[in-house]
Amino acid sequence: MSEPAREPRSAPADLLPWARELLGARSVPPGASLAVVAGDASNRRYFRLSGAGVSYILAQAPPTTEKNEAFVSVRAMLARAGLRVPRLYGADLDRGYLALEDLGDRLLLRELGADNADACYAQACTDLRLLAAVDVSSLDWPRYDRTLLTEELDRFPQWFAGALLDYAMDSAERLLVRELSDALVGDALEQPRVLVHRDFHSRNLMPQADGSLGVIDFQDAVVGPVTYDLVSLLRDCYVRWPAQRVRDWALRHRDGLVEDGLLPAVDDECFLRWFDWMGLQRHIKVLGTFARLYLRDGKPEYLQDLPLVLRYVRETLQQYAGREPVFAHFDDWFEGRLRPRIEAQDWSATT
């Protein structure tokens, strides 16, 4: 489903026999073998089962830590909505084994360029409108509520400032962080609610031969703010586009939602504020999340993505500092107290 893993790890001994029994001898010929493919930020591991012209993806997702039931449920929900998600051939939820369609190795990130970005993002936004069309009014599904939004932001002082930068905040600084958090969460909760993928970006979108975009890594889906997936896509933590181009894409998507009857009419200023502030919430969260992936989970590759995330944070803070005192105060504190520590880090060369 994606690029080869840096450090191959062997599959559980019973994974291949399980797949043979599930899929049948015709589907899994005697010479079929398993090869490791890259996973994601979770504890899931993926293996490609291939041979004699057949190919499947087998996932080992520990049931004690991974949302396997949610994966199965969300996959079915997205498929019904018309999104291109991998087919599920079978699952053993007790062992955390999944047999999935192999969507290949192409990632949108590798294929994006200045000449095709308009078309690629138009296609991705079409999928976002399919998500927005899911009726969530009676959907019994987790919500992006104040508790979850705040927990995500709390990763920043704990993991980024505290653990990664070794900076101990005093009570006034903790209050400042809380005031910004409250402002961002309050703005997010004002937005219309849709089904939110939560990681809808170029590493989780896979171009297919038929022209569709395969969608993966959807097990954390919630009902939440209408701009969340849009800002994940357009202010991607792994690729950056000029601000005016992003603005145009965002408003074009707004127009599509309104035309489809999925969003009440909302003016440019309001929608772009939702978009910008939602992005700031996401990127402050990501600073903490990427620091945690490095420090707790032993995944140093995420450090190389911190400079772009920091750039997004600084730009949004400075954009609204003249209108929002809490943004100005947080920006002053961030630049004065954290910036020197950031610049001392090996990964900060491009910040």
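In this report, the structure presented in the accompanying data block is examined. (Residues numbered from 1 in each chain as written. Predicted model: local features only at pLDDT ≥ 70, side-chain atom pairs only at ≥ 80, totals over all residues. Heavy atoms only, no water.)

### Quick word on the overall build of the chain
Scanning the chain from terminus to terminus reveals 11 helices and nine strands. Against the globule reference of 20 Å for 351 residues, the chain gives a C-alpha radius of gyration of 21 Å, in line with a compact fold. Based on the C-alpha atoms only, the size of the chain along its principal axes is roughly 65 × 50 × 40 Å. Residues classed as buried in the chain amount to 53% of the 351 residues present. Pairs at least 24 residues apart make up 73% of the contacts formed inside the chain by residues separated by at least 6 positions. Within the chain, one finds 42 positive and 53 negative side-chain charges whose respective centroids are separated by 3 Å. (Helix = DSSP H or I, 4+ residues; strand = E, 2+ residues; numbered from the N terminus. Rg over C-alpha atoms; globule rule 2.2 N^0.38 Å. Buried < 20%, exposed > 50% of the residue type's maximum accessible area, 1.4 Å probe, protein only. Contact = heavy atoms within 4.5 Å. Lys, Arg positive; Asp, Glu negative; His and termini not counted. Charge placed at Lys NZ, Arg CZ, Asp CG, Glu CD.)

### Topic: helix α5 (residues 146-164)
Because an α-helix packs 3.6 residues into every turn, residues spaced three or four apart end up facing the same way. When the terminal C-alpha atoms of α5 are compared, their 26 Å separation across 19 residues agrees well with the 27 Å that a helix rising 1.5 Å per residue should span. Along α5, the positions that sit buried rather than exposed are L149, T150, E152, L153, R155, F156, W159, F160, A161 and L164. Buried residues along α5 sit against α6 (171-190), α7 (228-234), α9 (268-295), α10 (306-320) and α11 (325-343). Of the residues trailing α5, D166 is marked for its positive phi of about 55 degrees. (Expected span 1.5 Å × (residues − 1).)

### Details of the pattern of salt bridges
Evaluated as defined, the whole model comprises 29 salt bridges. Where R95 meets D14, a salt bridge forms, and the shortest distance between an N and an O atom there is 2.9 Å. Of this pair, R95 sits in the loop between β4 (88-92) and β5 (97-101) while D14 sits in the segment before α1 (15-23), placing them 81 residues apart in sequence. We classify R95 as partly exposed; its relative accessible area is 35%. When salt bridges that share partners are traced, they join D14, D92 and R95 into one network. (Salt bridge = Lys/Arg side-chain N within 4 Å of Asp/Glu carboxyl O.)

### Topic: unusual backbone geometry
Here the phi dihedral of D166 falls at roughly 55 degrees; this positive angle occurs in a residue that is not glycine. Among the structural elements, D166 can be located in the loop between α5 and α6. At R198, a residue that is not glycine, the phi angle is positive and equals roughly 90 degrees. Of note, R198 is situated in the loop between β6 (193-196) and β7 (205-207). On the accessibility criterion, R198 (11% relative accessible area) is buried.

### Details of the side chain of Q208
The topology assignment puts Q208 in the loop between β7 and β8 (213-215). Other than its neighbours up to four places away in sequence, Q208 contacts R84, L103, R106 and G214.

### Topic: the environment of L263
Relative to the helices and strands, L263 resides in the loop between α8 (243-259) and α9. Sequence separation between L263 and W241 is 22 residues; the distance between their C-alpha atoms is 25 Å. Sequence-distant contacts of L263, that is, excluding residues within four places in its chain, are made with P192, V226, R254, L257, V258 and F271.

### Observations concerning the packing of α6 against α11
Here α6 crosses α11 at 135 degrees, and the two axes come no closer than 10 Å. When the interaxial angle is binned, α6 and α11 end up oblique. Between α6 and α11 lies a crossing whose hand is left-handed. Side by side, α6 and α11 meet where E173, L176, V177, E179, L180, A183 and L184 of the first sit next to V326, F327, H329, F330, W333 and R337 of the second. The residue makeup of the contact of α6 with α11, split by class, is nine nonpolar, one polar and three charged. (Axes fitted to C-alpha atoms, helices over the stretch in contact; angles between N-to-C directions. Parallel < 35°, antiparallel > 145°, perpendicular 65-115°, else oblique. Left-handed = near helix turned anticlockwise from the far one by under 90°. Nonpolar A, V, L, I, M, F, W, Y, C, P; charged D, E, K, R; others polar.)

### With respect to the nonpolar core
Residues F156, F160 and W333 are the most contacted members of the largest nonpolar core, which totals 100 residues. At 13 residues, the largest contribution of residues to this core is made by α9. Apart from the residues lying within four places of it in its own chain, the contact partners of F160 are R155, L165, L287, G288, A291, L306, L310, I342 and W347. By size, the runner-up hydrophobic cluster in this structure holds 12 residues, among which are W18, A19, F47 and L58. (Core = buried A, V, L, I, M, F, W, Y, C linked by side-chain atoms within 4.5 Å.)

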